[in-house]
There are 2 protein chains.
Amino acid sequence: MPKVGMEPIRRRQLIQATMEAIDEAGLADATVIRIARRAGVSAGIISHYFGGKDGLLEATMRQILHDLGEAVATRRAALGRAEPRAHLEAIIDGNFDRSQVSGPVAKTWLAFWASSMHKPTLQRLQSVNDRRLYSNLCHQFRRCLPRDEARRAAQGLAAMIDGLWLRGALAPEGLDVAQARRLAYDYLDQQLAREPALA
Amino acid sequence: MPKVGMEPIRRRQLIQATMEAIDEAGLADATVIRIARRAGVSAGIISHYFGGKDGLLEATMRQILHDLGEAVATRRAALGRAEPRAHLEAIIDGNFDRSQVSGPVAKTWLAFWASSMHKPTLQRLQSVNDRRLYSNLCHQFRRCLPRDEARRAAQGLAAMIDGLWLRGALAPEGLDVAQARRLAYDYLDQQLAREPALA
DNA sequence: TTTTATTGATTGAACGTTCAATAAAAATAT
DNA sequence: ATATTTTTATTGAACGTTCAATCAATAAAA
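Residues take numbers from 1 onward in each chain, read along the sequence in its written order. Both sets of labels track the order of writing: A upward for chains, 1 upward for ligands. Where totals are concerned, whole chains, interfaces and linings use all residues; where local detail is concerned, this predicted model gives features only for residues with pLDDT of at least 70, and gives and counts side-chain atom pairs only at 80 or more. With hydrogens and water excluded, all non-hydrogen atoms of the structure serve as input to the side-chain values.

Participant: I would appreciate a short explanation of the UniProt feature "domain: HTH tetR-type" (unreviewed entry) in chain A in the present structure.
Facilitator: UniProt positions are given in the numbering used here, feature names are shortened, and annotations may be inferred rather than shown by experiment. Here the UniProt-annotated "domain: HTH tetR-type" (unreviewed entry) positions come out as residues 8-68 of chain A. For helices the rule is a DSSP run of H or I covering at least 4 residues; for strands it is a run of E covering at least 2, with both sets numbered from the N terminus onward. For residues 8-68 of chain A, the helix share is 80%, the strand share is 0%, and the end-to-end C-alpha distance is 20 Å.

Set out below in structure tokens:
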């Protein structure tokens, strides 16, 4: 059924199938045959479009990071120069979106997280994303807290977000998004309450 | 050099070598040959003492969980009926001990964490440990907070601990234990400040 | 007819496991 | 003490399996 312009279609299908395969069997057992079968194509097509299995895995991680960045950016775009609290809440909401989207994404994310410790390519992607989260948080906290307190608050909130999400990815029943948001908001409130005001 | 009573020695050597191999190359590339070479023995000995590679991996995770439990228990044993805050601080300190011990342990822990999503045996071990942490935290918070608030504080602190440790395991420079403790203590203080007192 | 997309059998490398062979220590007999 | 036997610990080559990658063959669309 070869039609012209299949590349973007196949790429999307294979990336989606990769997440499903990792969700189903784990990264170690997500073989090219398993992924290809899920996408309804043959194994050889992976090398054709991604240069090999590693290329597909990297593309999949890029997709997840892209979606995450977009989930945050979309929510913040509507805010303009709103209060810091609104921006910080948007960052929290955006970060818990990735779990809301699906269980496969969460498990794939954690699998890549572990894998990135020993694969320089993935590590770079992960590091860039991490720094972006910290930088965004820090910048907003700076609008109402002194420098050192802002840094501390940003690190604490980043850890809280990652921790909640990590525990959610591992729990058989998945992440309780409403509760996770409540705990993150709670932490946020306490950090913002440190300084009475700063007109 | 076969001497009698080698079993406990070899088991310890191989478990240690497993952590080092995972630290060095990741779980995926921690082959039996690599592990055996690190321990200074041949590959076959792994099947002899652990029944196979899976048995060795399970034993390694058990060792890590055991050490963690002991690190917490040791610190709490000296406290007796001390204030809840002292017990909670001991739990925090004990949990950050596992990173203090070495980088290999942290990376192995994260590798198992990801792997446990698809290996029932590891999942059970991980789940038991998780519930113990939550249960311990919840019990201490109950001594000075109402039920719902205690649960929330326990879940928040557990997420904070895991998040700090997770980010530490991934950071190239490792976990800054002093700073992690500061952030966890900080969260603890805020939770305990919710209720003025409860004589 | 030419181009584009896809297949799937094949290849070679790497893995975990097995097991007959070996060697050192311990036990026993001399 | 010394020699012999038994036990225990260990090796490493061989085996079967599994995987990712390759590429000649194929088929549909342009």
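There's more to say after this.
Participant: What should I look at first to understand helix α9 (residues 147-170) of chain B in this one?
Facilitator: Since one α-helical turn is 3.6 residues long, residues separated by three or four positions face the same way. Taking 1.5 Å of rise per residue, the 24 residues of α9(B) would be expected to cover 34 Å, and the 35 Å separating its terminal C-alpha atoms lies within 8% of that figure. The buried fraction of α9(B) amounts to 18 of the 24 residues, a majority that puts the element mostly inside the structure. Expected span, for any helix, means 1.5 Å times one less than how many residues it has. To sort residues, take the accessible area from a 1.4 Å probe on protein chains only and compare it with the maximum for the residue type: under 20% means buried, over 50% means exposed, and anything in between is partly exposed.

Participant: Please clarify how the UniProt feature "DNA-binding region" (unreviewed entry) in chain A should be interpreted in this entry.
Facilitator: Per the UniProt annotation, the sites labelled "DNA-binding region" (unreviewed entry) are residues 31-50 of chain A. Structurally, residues 31-50 of chain A is divided into 75% helix and 0% strand, and its ends, taken at the C-alpha atoms, are 15 Å apart.

Participant: When you look at the pattern of salt bridges in this model, what are you seeing that I'm missing?
Facilitator: Side chains carrying opposite charge are able to pair once their charged atoms draw close together. In what follows, salt bridge is the name for a side-chain nitrogen of Lys or Arg lying within 4 Å of a carboxyl oxygen of Asp or Glu. Scanning all chains against the criterion turns up 28 salt bridges over all chains. Of the charged contacts in the structure, one is a salt bridge between B:Asp54 and B:Lys119, with a shortest N-O distance of 3.8 Å. Here B:Asp54, found in helix α4 (residues 53-77), pairs with B:Lys119, found in the loop between α7 (103-115) and α8 (120-141); they are 65 residues apart in sequence, far enough to count as distant. Between B:Arg147 and B:Asp148 there is a salt bridge whose closest N-O contact spans 3.5 Å. For B:Arg147, a relative accessible area of 46% translates into the label partly exposed. Here the residues in one salt-bridge network are A:Glu20, A:Glu24, A:Arg34 and A:Arg38, joined through shared partners.

Participant: Please explain the protein's contact with DNA strand D as it appears in this structure.
Facilitator: Near DNA strand D you find 19 residues, and of these A:Val32, A:Lys53, B:Arg10, B:Ser42 and B:Tyr49 are the closest. Each polar contact in these results corresponds to two N or O atoms within 3.5 Å; when the atoms are within protein, one needs to be able to donate a hydrogen and the other to accept it, and residues that are neighboring in sequence are counted only if both atoms are side-chain atoms. Between B:Gly5 and DNA strand D, the recorded distance is 3.5 Å, taken from a backbone N or O atom to a phosphate oxygen. In this structure, B:Ser42 approaches DNA strand D through a main-chain N or O atom, which is 2.7 Å from a phosphate oxygen. Of the residues forming the surface near DNA strand D, the biggest block, four residues, is contributed by helix α3 (residues 44-50) of chain B. Three classes are used: nonpolar for Ala, Val, Leu, Ile, Met, Phe, Trp, Tyr, Cys and Pro, charged for Asp, Glu, Lys and Arg, and polar for all others, with Gly counted as polar. In terms of residue class, the surface near DNA strand D is built from nine nonpolar, seven polar and three charged. Nearness of a residue to a molecule or strand requires only that one of the residue's heavy atoms be within 4 Å of it.

Participant: Would you explain the relation of the copies chain B and chain A in this entry?
Facilitator: Here the two chain copies are tied together by a rotation about an axis and a shift along that axis. To superpose the copies, least squares is applied to the C-alpha atoms of every residue with a pLDDT of at least 70 in both. Overlay of chain B on chain A (RMSD 0.1 Å): rotation 180 degrees, translation along the axis 0.0 Å. Both copies are brought into coincidence by an operation consistent with a two-fold rotation axis. No C-alpha of chain B lies nearer the rotation axis than that of B:Gly163, which sits 1.8 Å from it. Residue contacts are defined here by distance: any two heavy atoms, one from each residue, within 4.5 Å place the two residues in contact. A share of 100% of the interface residues of chain B reappears at the interface of chain A, consistent with the copies meeting face to face through the same patch.

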